[in-house]
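Here's the letter readout for the chains.
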Amino acid sequence: MSHNVQSNPAASVNDAEPRAGSASMPVWMLVAVMVLVFGGGLYFDTYGGWFSPQVYAPYRSVNDLMAYQPVSGEGAFLLRGKVVYEQVCALCHGADGNGKPGQAPTFVDSEWVITDNTGRLIRIPLQGLNGPIKVKGVDWNLAMPAMGAALPDADLAAVLSYMRNAWGNKASLITPEEVAAVRAATASRTQPWTAAELEALK
Amino acid sequence: MNYGALIFLVGFIGLASSWFGLVLAPQLQLGRQPITKIQGGNDPYPSRRPGLAEQGLQVYRANGCVSCHSQQVQQSGTVFDVVMTELGTNQPAVVAALAKLDSKLTGASLSSLPQDVVRGVNKLQADEVNAAFKDTGAKVAVQIRPVGPDMDWGWGRRATVAADFLQDSPVMPGSQRLGPDLANVGVRKPDVNWHLVHLYAPKSVVPDSTMPPYRFLFEKRKIDRHASPDALQLTGEAAPEAGYEIVPTAEAKALAAYLASLRADVPLFEAPMTAK
């Protein structure tokens, strides 16, 4: 017997280090992992709020939260303006209102934004603006597209009011009625304004 | 065994990923939140608690109140109510508009406003109802109302959010509710004396209470000539024998001031509601 054990090849294996082999992963496990990852992704998308510190259950995202904000008062008006600004204007003028070199001038403390002559300001987004313009001592020569067709009076008033009261600016609010009046007065105009024309406005 | 490095690496990645997910991510998300503003205004929120209440926070912590009381209201949804505040001059038009809506409010009950036109509807329905009154001259207001079991209990009007704790250190939102939620206990019970009596003898003011009495926060004194102005007004079994009085210590006063200061009931951007 003992002689047999010694000659058994298995006995020499016992003396050596044990080694783990490798085997391929079962296909069902791969599928299960993919289903779990997909389910996790869906769950995250629904309840994660993209890690925004402002989103709490039962709200799903900041946009969802927006729908539940109070619909009246100055705060809500400016909040609406912020939403519109970030959707429409921030692309070129920057979310911080500082503009972008070679793209769009700044709004911060800009004489065109905080002007008392609101008619000038309202005309710029309504029909656009072309050609040279001096903003805070810097010369620009660009084309601002007309936004009048895309923005209703209330939204345009909200976004202009937001611009006049954000980033340290302090100026009066612009009402939807003011915008409607300017829109009616300039209904026949199809061409963008020039800075010289706007400055001539009383 | 040649796998020491691999086992170490797997263990390290496992611990590191949970540290990233459970410590670092929340810290990046909420750790540097600035003082926020009350929705619809410029008032900063939250303001600091009064000095005595700040001391009371430490008494609350030292006595383990947090192991039985949570300070976080949860909400399961948000609904809209449409309230008519003014009738205007064109009553027939208002009655006609009401008739088209599925409302409990009828022409007969219009004499005493404000009244709810509809309650518990979603945003779209609320906007529809609002639009229905646009040309009638009546003034209606759309109100935002968080709902959920905690709101039904009367524990708060909206969900608690991180901003509510910005002035507290440490933050004690709690995880067990052996007692009621305290996020808004200062709204429900604003009276400091009520809290003192409740701490000394919970059953004397809440018969079903399971809270242990915290009598070591009070002093029993023999009345010497004049009774102390701080002495508790106790009745029944809780009252001391004649000639003695129960006086709260500084700790008890601080804790009561802290409890009375607990209120998280202003509308915030992240927790919208219609303020009352």
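Thresholds, definitions, all that
Residues numbered from 1 in each chain as written. Chains lettered and ligands numbered in written order. Predicted model: local features only at pLDDT ≥ 70, side-chain atom pairs only at ≥ 80, totals over all residues. Helix = DSSP H or I, 4+ residues; strand = E, 2+ residues; numbered from the N terminus. Buried ≥ 20, exposed ≤ 12 C-beta atoms within 10 Å, placed from the backbone. pLDDT = per-residue confidence, 0-100. Pairing = 2+ DSSP bridges. Contact = placed C-beta atoms within 7 Å. Nonpolar A, V, L, I, M, F, W, Y, C, P; charged D, E, K, R; others polar. Axes fitted to C-alpha atoms, helices over the stretch in contact; angles between N-to-C directions. Left-handed = near helix turned anticlockwise from the far one by under 90°. Expected span 1.5 Å × (residues − 1). Bend = angle between axes of the 7 residues up to and from the residue. Core = buried A, V, L, I, M, F, W, Y, C linked by C-beta atoms within 7 Å. Domains from an automatic or database assignment. Parallel < 35°, antiparallel > 145°, perpendicular 65-115°, else oblique.

Digging into the overall build of chain A
Across its full length, chain A holds nine helices and three strands. Looking at chain A residue by residue over its 202 residues, the buried ones come to 22%.

Comments concerning the confidence of the model for chain B
When pLDDT is averaged along chain B, the result is 89; 97% of the residues meet or exceed 70. The complex model carries a pTM of 0.67, and its ipTM stands at 0.75.

With respect to the pairing of strand 1 (residues 129–135) of chain A
All names here are of chain A. Of the pairings in the sheet, the one linking strand 1 to strand 2 (residues 138–144) comprises seven bridges and is antiparallel in character. Opposite Val135, over in strand 2, you have Val138 as the bridge partner. Counting the residues that bridge the hairpin from strand 1 to strand 2 gives two residues, and of these Lys136 lies at a positive phi of roughly 50 degrees. Where strand 1 and strand 3 (residues 193–194) come together, two bridges link them in parallel fashion. What sits directly across from Leu129, in strand 3, is Trp193.

A look at the interface of chain B and chain A
Each side of the interface is counted separately: chain B has 21 residues, and chain A has 14 residues. In terms of residue class, the side of chain B that touches chain A is made up of nine nonpolar, 10 polar and two charged.

A word on the packing of helix 7 (residues 153–165) of chain A against helix 8 (residues 176–185) of chain A
Between two packed helices, what matters for the description is the angle formed by their axes and the separation of those axes. Residue and element names in this part refer to chain A. Here helix 7 crosses helix 8 at 115 degrees, and the two axes come no closer than 8 Å. Here the hand of the crossing between helix 7 and helix 8 comes out right-handed. Contacts from Asp153, Ala154, Leu156 and Ala157 of helix 7 reach helix 8 at Pro176, Glu178, Val179, Ala180 and Arg183. In terms of residue class, the contact of helix 7 with helix 8 is made up of six nonpolar, no polar and three charged.

Quick notes on the confidence of the model for chain A
Residues and elements named next belong to chain A. Considering every residue of chain A, the mean pLDDT works out to 82; 90% of them sit at 70 or more. Element-level pLDDT for chain A is lowest in helix 1 (residues 2–7), with a mean of 48, against a maximum mean of 94 in helix 3 (residues 27–47). Low pLDDT, under 50, characterises residues 1–5; the predicted model gives this stretch one contact beyond four residues in sequence or across chains.

A few points about the sheet that holds strand 1 of chain A
Strand order in this open sheet of three strands is 2-1-3 (chain A), and the pairing throughout is mixed. With one partner strand each, in any of the chains shown, strand 2 and strand 3 of chain A form the two edges of the open sheet.

Topic: the environment of Lys123 of chain B
Following the sequence through the fold, Lys123 of chain B ends up in helix 4 (residues 123–132). Through-space distance from the C-alpha of Lys123 of chain B to that of Val142 of chain B is 9.2 Å; in sequence the pair is 19 residues apart. Non-local contacts of Lys123 of chain B, meaning those with residues more than four positions away in its chain, are made with Ala67 of chain A together with Phe80 of chain B.

Things to note about helix 1 (residues 4–30) of chain B
Residues and elements named next belong to chain B. Counted at 1.5 Å a residue, the expected span for helix 1 with its 27 residues is 39 Å, and the 38 Å between its end C-alpha atoms agrees. Most pronounced at Phe20, the bend in helix 1 amounts to some 35 degrees. The buried fraction of helix 1 amounts to zero of the 27 residues, a small share that puts the element mostly on the outside.

Let's talk about unusual backbone geometry
The omega torsion of the bond from Tyr45 of chain B to Pro46 of chain B falls at -5 degrees, within 30 degrees of zero and hence cis. Relative to the helices and strands, Pro46 of chain B resides in the loop between strand 2 (44–45) and helix 2 (51–62). Of note, the amide linkage connecting Ser169 of chain B to Pro170 of chain B takes the cis form, showing an omega dihedral of 0 degrees. Tracing the chain through its elements places Pro170 of chain B in the loop between helix 5 (149–153) and helix 6 (185–188). Even without a glycine there, the phi angle at Asp109 of chain A is positive, about 60 degrees. Its location among the elements puts Asp109 of chain A in the loop between helix 5 (73–93) and helix 6 (118–127).

A short note on the nonpolar core
If you look at the biggest cluster of nonpolar residues, it comprises 52 residues, and the most contacted ones within it are Tyr200, Leu255, Ala256, Tyr258 and Leu259 of chain B. Mapped onto this core, the elements with two or more residues apiece are helix 2, strand 3 (77–86), helix 3 (91–100), strand 4 (115–121), helix 4, strand 5 (139–147), helix 7 (192–200) and helix 9 (250–260) of chain B. Sort the elements by how many residues they give to this core and helix 9 of chain B lands first, with eight residues. Two domains each provide a minimum of three residues to this core, namely domain 1 (36–73 + 152–260) and domain 2 (77–147) of chain B. For Tyr200 of chain B, the contacting residues outside a window of four places in its chain are Pro213, Arg215, Phe218, Leu232, Ala238 and Ile246 of chain B. Ranked by size, the runner-up nonpolar core spans 27 residues in total, among them Val113, Met144, Ala158 and Met163 of chain A.

A few points about the environment of Ile246 of chain B
Relative to the elements of secondary structure, Ile246 of chain B occurs in strand 7 (residues 244–248). Taking the C-alpha atoms as reference, Ile246 of chain B lies 8.9 Å from Tyr200 of chain B; in sequence the two are 46 residues apart.

Some words on the packing of helix 7 of chain B against helix 9 of chain B
Residues and elements named next belong to chain B. Interhelical geometry of helix 7 versus helix 9 gives an angle of 125 degrees and a closest axis separation of 9 Å. When the axes of helix 7 and helix 9 are compared, the pair comes out oblique. Along this stretch, helix 7 crosses helix 9, giving a crossing that reads as right-handed. For the pair helix 7 and helix 9, the contacting residues are Val192, His195, Leu196 and Leu199 in the first and Ala252, Leu255, Ala256, Ala257, Leu259 and Ala260 in the second.

Overview of the sheet that holds strand 4 of chain B
All names here are of chain B. Here we have three strands laid out as an open sheet, ordered 4-3-5, and antiparallel in their pairing. In this open sheet, the two edge strands, each paired with only one partner strand, are strand 4 and strand 5. This sheet shows a mean twist of 20 degrees between the axes of neighbouring strands, independent of strand direction. Bridge analysis of strand 3 against strand 4 gives four bridges, and the strand direction is antiparallel. Paired with Phe80 across the two strands is Val121, which belongs to strand 4. Packed on one face of the sheet, helix 4 meets strand 3, strand 4 and strand 5 and runs near 10 degrees to strand 3.

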